[in-house]
Amino acid sequence: MKKRNLLAIFCALALGAAMGCMAACTGGNDPGGNDPGGNDPDGNDPGGNEPGETVEYGLPAAERGHYINNSDLLEDDGTRWLLYTTNETAGEEDNVIALRKGTFEEGEGKGWKYGEENIVLRGGEDGWDEYIGSASIVKGTFELGGTDYSWLMAYCGTSQADETQFEIGLAVAQSPDGTWTKVGTAPVVTFDTAALGAPETSVGCYAPSLVNYTKESGIRLFYSYADQYGHFAKFVDIDASDLDAPVVSGEAMVPTEGEIAGGDQVPMFPNADFAYDADNGVFYAVKDYSPVPSMEPQFAARIQLLSIDEEELYTTDIGEGWSSIRNWDNTDTPDGMYERLYGACIVSDAYGHTDSATGAEIIYNVCELEVDNEDYLFTQNLMTFEVSYQ
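Worth saying up front: this structure is predicted, and the values here are computed from it rather than measured. Counting restarts for each chain, with residues numbered from 1 along the sequence as it is written. Local features are withheld for residues below a pLDDT of 70 in this predicted model, meaning they are given only at 70 or higher, and side-chain atom pairs are given and counted only at 80 or more; totals for whole chains, interfaces and linings count all residues. With hydrogens and water set aside, each side-chain value is computed from the structure's full complement of heavy atoms.

(A) Focus on the overall build of the protein. Counting from the N terminus, the helices are the DSSP runs of H or I reaching at least four residues and the strands are the DSSP runs of E reaching at least two. For the protein, the count of helices and strands is one helix and 25 strands. The buried share among the 390 residues of the protein stands at 54%. Throughout, a residue-residue contact means that at least one pair of heavy atoms, one from each residue, lies within 4.5 Å. Pairs at least 24 apart in sequence give 60% of the contacts found in the protein among residues at least 6 apart. Carbon and sulfur atoms provide 43% of the accessible area of the protein, an area that totals close to 16,300 Å². Only protein chains enter the accessibility calculation, which uses a 1.4 Å probe; a residue is then buried when its area is under 20% of its type maximum, exposed when over 50%, and partly exposed in between. Note on areas: Shrake-Rupley with a 1.4 Å probe; residue coverage comes only from the protein chains shown.

Here is the structure:
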């Protein structure tokens, strides 16, 4: 998806890696001869950095003329995988899915260090996914064409140049930074323009969010569904053990009962990301606020973190519904300077779980306003919040 259009309907990108990023120089001794960068007396850097090299810690910032949005961040055995949407060509809106590998370094002023950007998925030429959008990955056990794979991706795309009628497809890889192979030639979740309230101008199915609830091949695919009535969340369950013949359940609507923040007549659940606490039988979600501001960019100005009992996803007899954990707005950004917060994700393990967690790390998007910068689209980057459940 080209973010100007999709994000104007609640999707998210971000400006803030630069703000959430700490720079540390490995060279330069202090007056006492000590090297704050951690080099030994011979000038070697135990962290593996070349002498004099500047290392940046924290979320990466987009290069000039580029944007970063729609992130998905997983941690697997001490390694972080940051997946996001960006533009391949500076100054253009030619979306691709990119990934960076993160490693943690101990020491004052240090932390997570992300490597070079690696483009892992592009739209298919003249295919149903010619215009690609956001993506989500998860670890598990999958087979396609007789080959075993350990990672699954869900991504949204469309054949429409006006970026409407998005649908969701799958891809597999043996490692997040390896080669991703698309599953088949058709989407696994389709958008039917013949359905009631689903005109051709609808955004369709976007913002996929994967949870491997069995930690093997039992996948729950959440996604946002946008038609003329609004933006809601749905999910399907997939037996992804044999992706030559995946078994996909019927779709289910995520409940809209409970403490859902918003100003619409009917509660909306746009642009959401989900995580699962199997130990406590709870699903968490972080979503955009609706409606969005009328001033460009028409991205959300708030995000909300919520939780719901797992059993309430499977019944029409809803109890308490969603419980609000935290809302964030511009006053929570550095110096209150960003009036757009949107497209957040919950940092999880490789399976989309946050089992027995006592709090959450939230990655979210920010950007400048059009009145301040006509190239606001290319100011989108990532920032982070941390919150306790206590």
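(B) Molecular detail of the pairing of strand β6 (residues 95-104). Within β6, seven of the 10 residues are buried, which leaves it mostly tucked inside the rest of the structure. In this description, strands pair whenever DSSP reports at least two bridges between them. Relative to β6, strand β5 (residues 79-87) runs antiparallel, the two sharing nine bridges. Residue pairing across strands places Leu83 opposite Leu99, the latter belonging to β6. By the bridge criterion, three bridges tie β6 to strand β8 (residues 118-121) in an arrangement that is antiparallel. Note that in β8 the partner of Ala98 across the bridge is Ile119. Here three bridges tie β6 to strand β7 (residues 112-114), and the two strands are oriented antiparallel to one another. Bridge pairing links Thr103 to Lys113 in β7.

(C) Quick look at the sheet that holds strand β12 (residues 181-182). One open sheet holds the four strands; their spatial order is β9-β10-β11-β12, and the pairing between them is antiparallel. Two strands close off the open sheet at either side, each with one partner strand: β9 (131-144) and β12.

(D) Region of interest: the pattern of salt bridges. Salt bridge criterion: a side-chain nitrogen from Lys or Arg within 4 Å of a carboxyl oxygen from Asp or Glu. Overall, the coordinates contain 11 salt bridges when judged by the stated rule. For Asp129, the salt bridge identified is with Lys182, shortest N-O distance 2.8 Å. Within this pair, whereas Asp129 is found in the loop between β8 and β9, its partner Lys182 is found in strand β12, the two being separated by 53 residues in sequence. Judged by its relative accessible area of 4%, Asp129 is buried. Note that Arg326 is salt-bridged to Asp332, the shortest N-O span being 3.5 Å. What makes Asp332 partly exposed here is its relative accessible area of 28%. Salt bridges here are not isolated pairs; linked through shared partners, they connect Glu75, Arg80 and Glu361.

The quantities given are spatial measurements derived from coordinates; they are silent on function.
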